[in-house]
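Geometric and topological summary
What follows is the residue order along each chain.
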Amino acid sequence: MKTIALVAAAGSGTRLGSGCPKPYRLIGQRPMISYTLRAMDRCPELDRLVVIVSPGDEEFCERQVRDLGCLHKPYQIVAGGAQRQQSVYQGLLAARGIAQIVVIHDAARPFVSWQLVQQAIREAEKYGACTAAIPLRDTLKRVNQDGLIEETVPRHGLFLAQTPQAFRFDLLWAAHQQALQEGFCGTDDSVLVERLGVAVRIIPGSIRNIKITYPEDLELAERWLASGSIEI
Ligand code: C5P
């Protein structure tokens, strides 16, 4: 069964500040994307990768990947779109006709372990659709436009979705087609499959599998690396 990873790296990273696009920001002297790609490269179940980058960044990314030597599996670099969903769709087009299973991962989650990717793939092989997620730890409030709490949402059964998310290709393809037709735009791929009425299984994600979004996340990532609490 051919399995392809789609690595979403076409975000602008404006919330992180500075001019350098997020996937190439350094953490512990290496670009963020090199950690992400290395984890993918180590996962034995993956046959190839599609790296989705901002239009115009293809050559730069190609050079980075070559210079860093972090990828030994076959890979392809494609241009993404304005929204994450459109970027993943470009990846799906590249994997179409080759992949039976696709695993989607955010380049902005550099501390994913290859074992988590492997587990996501195995679940998708068995059940069709799977996402890593962690239980909500804080108390959840719904707040109105005036900044007043409307509701405290019981957190029992609530999870924060992460990537990797893995799917049978035909399922995710159908889910993206339906979303396109209906003009629906989601913030992950799982929601598109959920809208098909297909059950998506949860596997335990990791607190270390953070999405680097704000400068504080980058500082935390640096600290984890410096303390040796991240295995790289
Ligand atoms: O914007 P957000 O933080 O949700 O982005 C999550 C991941 O999706 C990041 O790795 C980012 O590079 C990617 N992305 C993308 N194409 C976009 C927007 C985000 O590949 N248009």
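Throughout what follows, the structure given in this document is the object of discussion. In this text, all values refer to a predicted model and were calculated from it rather than measured experimentally. Throughout this description, residue numbers start from 1 for each chain and increase along the sequence as written. Selection of residues for local features in this predicted model requires a pLDDT of at least 70, selection of side-chain atom pairs for listing and counting requires 80 or more, and totals for whole chains, interfaces and linings are taken over all residues. Calculation of side-chain values draws on the structure's entire complement of heavy atoms; hydrogens and water are dropped beforehand.

This part covers the overall build of the protein. Strands are runs of DSSP state E lasting at least two residues, helices are runs of H or I lasting at least four, and both sets are numbered from the N terminus onward. For the protein, the count of helices and strands is 7 helices and 11 strands. For the protein, whose C-alpha radius of gyration is 17 Å, the value lies close to the compact-globule estimate of 17 Å for 232 residues. Pairs at least 24 residues apart make up 74% of the contacts formed inside the protein by residues separated by at least 6 positions. Within the structure as shown, the protein displays about 11,700 Å² of accessible surface, and the carbon and sulfur contribution to it stands at 49%. Charge-centre separation for the protein: the mean point of 26 positive side chains lies 4 Å from the mean point of 25 negative side chains. Two things to know: the radius of gyration comes from C-alpha atoms, and the globule rule equals 2.2 Å times the number of residues to the power 0.38. Any two residues having at least one pair of non-hydrogen atoms within 4.5 Å are treated as being in contact. The Shrake-Rupley method, run with a 1.4 Å probe sphere, supplies the accessible areas, and residue values consider only the shown protein chains as cover. His is not counted, nor are the chain ends; Lys and Arg add positive charge and Asp and Glu add negative charge. Throughout, a charge is located at the NZ atom of Lys, the CZ atom of Arg, the CG atom of Asp or the CD atom of Glu.

What follows deals with the site of the ligand. Nearness here has a simple test: a residue counts as near a molecule or strand if at least one of its heavy atoms is within 4 Å of that partner. Lining the immediate environment of the ligand, one finds 14 residues, of which Ala 8, Ala 10, Gly 11, Gly 81 and Ser 87 sit closest. Here a polar contact is taken to be a pair of N or O atoms separated by no more than 3.5 Å, where protein atoms must pair a possible hydrogen donor with a possible acceptor and residues adjacent in sequence count only if both atoms sit in side chains. The backbone of Ala 8 places a nitrogen or oxygen atom 2.7 Å from an oxygen atom of the ligand. Within the backbone of Arg 84, an N or O atom sits 3.5 Å from a nitrogen atom of the ligand. Coverage of the ligand by the protein chains reaches 85% of its 450 Å² of free accessible surface. Note on definitions: the grid is 1 Å and covers protein atoms alone; a cavity is a set of points where a 1.4 Å probe fits but cannot get out; a pocket is an open set with protein on both sides within 12 Å along at least five of seven lines; lining residues have an atom within 4 Å of a point. What decides whether a molecule sits in a cavity or pocket is whether more than half of its atoms lie within 2 Å of the grid points. Most atoms of the ligand, that is more than half of them, are within 2 Å of grid points of the largest pocket. Elements that contribute at least two residues to the shell around the ligand include exactly β1 (3-9) and α3 (84-95). Amino acids outside the nonpolar list (Ala, Val, Leu, Ile, Met, Phe, Trp, Tyr, Cys, Pro) and the charged list (Asp, Glu, Lys, Arg) are all regarded as polar, and Gly is one of them. Looking at the shell around the ligand, its residues break down into 6 nonpolar, 4 polar and 4 charged.

With that settled, consider helix α1 (residues 32-42). Within α1, 9 of the 11 residues are buried, which leaves the element mostly enclosed by the surrounding structure. Listed in full, the buried residues belonging to α1 are Met 32, Ile 33, Ser 34, Tyr 35, Thr 36, Leu 37, Ala 39, Met 40 and Asp 41. Only protein chains enter the accessibility calculation, which uses a 1.4 Å probe; a residue whose area is less than 20% of its type maximum is buried, one above 50% is exposed, and one in between is partly exposed.

A sheet is described by the order of its strands in space; here 7 strands give the open sequence β5-β4-β1-β6-β10-β7-β11, paired in mixed fashion. The sheet is open, and its two borders are formed by β5 (75-79) and β11 (201-204), each paired with just one other strand. Going from strand to strand, the sheet's axes swing by 25° on average, the running direction of each strand aside. Each of β4 (48-53) and β5 touches helix α2 (residues 58-68); the most contacted strand, β5, lies at about 155° to it. Strands β6 (101-106), β7 (129-135) and β10 (159-168) of the sheet are contacted by helix α5 (residues 169-182), whose axis makes an angle of about 115° with β10. Here the rule is simple: two strands pair whenever DSSP picks up at least two bridges between them. Inter-axis angles, ranging from 0 to 180 degrees, are taken between N-to-C directions of lines fitted to C-alpha atoms, where helices are fitted over the stretch in contact.

A few words on the side chain of Gln 64. Relative to the elements of secondary structure, Gln 64 occurs in helix α2. Its relative accessible area of 19% is what places Gln 64 among the buried residues. In contact with Gln 64, other than residues within four places in its own chain, are Tyr 24 and Pro 31.

That is the geometry; function is a separate question.
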